[in-house]
Amino acid sequence: VLQHGADVVGLLDRDDCLLHDLAVELTGQMHDPQIPLLHADIQHAHQVNRIIQTFKPDVVIHTAALKHVTTLEADPTNALLVNVQGTANVLRAARAAGVTEFVNVSTDKAASRVGVLGISKYIGERLTQGVDAVGYRSVRFGNVIGSRGSVLHTFRIQALHHDHVLVRGKETSRFFMTGGEAASLVLSTLGQSQSGGTYVFDMGAPVQILQLANAIVDDLASVATIQLEDLRSGEVEHERLFHEHERPESTAVAGVHRVEPAPLTLADFDAVIPDTVDLSSLDPIRAHALLDDLLNHRSTT
């Protein structure tokens, strides 16, 4: 974004150390007026609204999320608080501040909608579509090579520091994309002419995870062995880029397709989860039920 001529890029995160390190990486300085550091947690609506009203961005790229299947399956309340309500908070603040371009970063797991992660991220796509504004769109990422917490990173840690690499499912496969492809998808989506929608990059054939694990062990010359486990709750053997009911259409960008998720307005969201509901106090069963309600809710407007 900086290389493409943005005057100022505000970096917002709840991790102040991450913000500090990123600022130094980008500029060599701890403080630079071109990249102000905005410390906030999207769970707190007033905090997000205050920062966006003060910063007044033209474009918002919303990447904040919890993404680990195991922890979200164990406590789906966190998916509601961050991936769903947090996204609603950012959308409200952006609309109130007059933001004209908004990109919500989703995941290919939103296509299969199996498990808490996929359901919560698809609800985020629905909320973005529900704003019904030309420049408000979503993108779906596969596994981004080199990103924090990626399966490659996990396998490398296991191979270097333990005597095994754990692979769930002998035939399990996943889609992968590079960081450059992920960034290009976001930036190209800002220039699309269609109103709304979710944009998906053709990531080619999925990669078999067992083969990937073996390649990492070989690359590290590790003595670690591969151990197979059964898939856990919230996981599927093979990911997909589109739901069976979605009809992808071509876009002006080669290799990028567009689908239209069923819109979920912020008013719909409030109807399902009013302010009187304290999400942080919900037990896992009630949290999962609310996720299902939001997933299946149909707008009456």
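Our structure is the block above this text.
So, how was this worked out
Residues numbered from 1 in each chain as written. Predicted model: local features only at pLDDT ≥ 70, side-chain atom pairs only at ≥ 80, totals over all residues. Heavy atoms only, no water. Patch = residues over 30% accessible without salt bridge, like charges linked within 9 Å, V, L, I, M, F, W, Y side chains within 5 Å. Areas by Shrake-Rupley, 256 points an atom, 1.4 Å probe, with all protein chains shown as cover. Salt bridge = Lys/Arg side-chain N within 4 Å of Asp/Glu carboxyl O. Helix = DSSP H or I, 4+ residues; strand = E, 2+ residues; numbered from the N terminus. Buried < 20%, exposed > 50% of the residue type's maximum accessible area, 1.4 Å probe, protein only. Pairing = 2+ DSSP bridges. Core = buried A, V, L, I, M, F, W, Y, C linked by side-chain atoms within 4.5 Å.

**Some points on a nonpolar patch on the surface**
On the surface, Val1, Val59 and Ile61 cluster together into a nonpolar patch covering about 210 Å² of accessible area. Inspection of the secondary structure puts Val1 in the segment before strand E1 (11-13). For Val1, a relative accessible area of 44% puts it in the partly exposed group.

**Topic: the pairing of strand E10 (residues 198-201)**
Burial along E10 is two-sided: Thr198 and Val200 and Tyr199 and Phe201, pointing in opposite directions, are all buried. Inspection of the sheet shows strand E5 (residues 136-141) paired to E10 by 3 bridges, in the parallel sense. Bridge pairing links Val139 to Tyr199 in E10. Examined bridge by bridge, E10 and strand E14 (residues 256-259) share 4 bridges and lie antiparallel to one another. Looking across to E14, one finds that Tyr199 is bridged to Arg258.

**Description of the sheet that holds E14**
The sheet built from 6 strands is open, its strands ordered E3-E4-E5-E10-E14-E13 with mixed pairing. Two strands close off the open sheet at either side, each with one partner strand: strand E3 (59-62) and strand E13 (249-250). By the bridge criterion, 6 bridges tie strand E4 (residues 101-107) to E5 in an arrangement that is parallel. By the bridge assignment, Ser106 is partnered in E5 with Arg140.

**Details of the nonpolar core**
By size, the foremost hydrophobic cluster in this structure holds 40 residues, and its most contacted members are Leu80, Val84, Ile123, Leu127, Tyr136, Ile273 and Leu294. Counting only elements with at least two residues in this core, the list comes to helix H2 (45-55), helix H3 (69-74), helix H4 (76-96), helix H6 (115-130), helix H10 (266-272) and helix H11 (284-296). Among the elements that line this core, the one with the most residues is H4, at 10 residues. Counting residues in each nonpolar core, the second largest holds 16 residues, with Val139, Val144, Phe175 and Met177 among its members.

**Brief notes about unusual backbone geometry**
Positive phi values are uncommon outside glycine, yet Arg113 reaches one of about 55°. Mapped onto the elements, Arg113 comes out in the loop between helix H5 (109-112) and H6. Despite not being glycine, Asp132 shows a phi value in the positive range, around 60°. You can see Asp132 is positioned in the loop between H6 and E5. Since its relative accessible area comes to 65%, Asp132 is described here as exposed.

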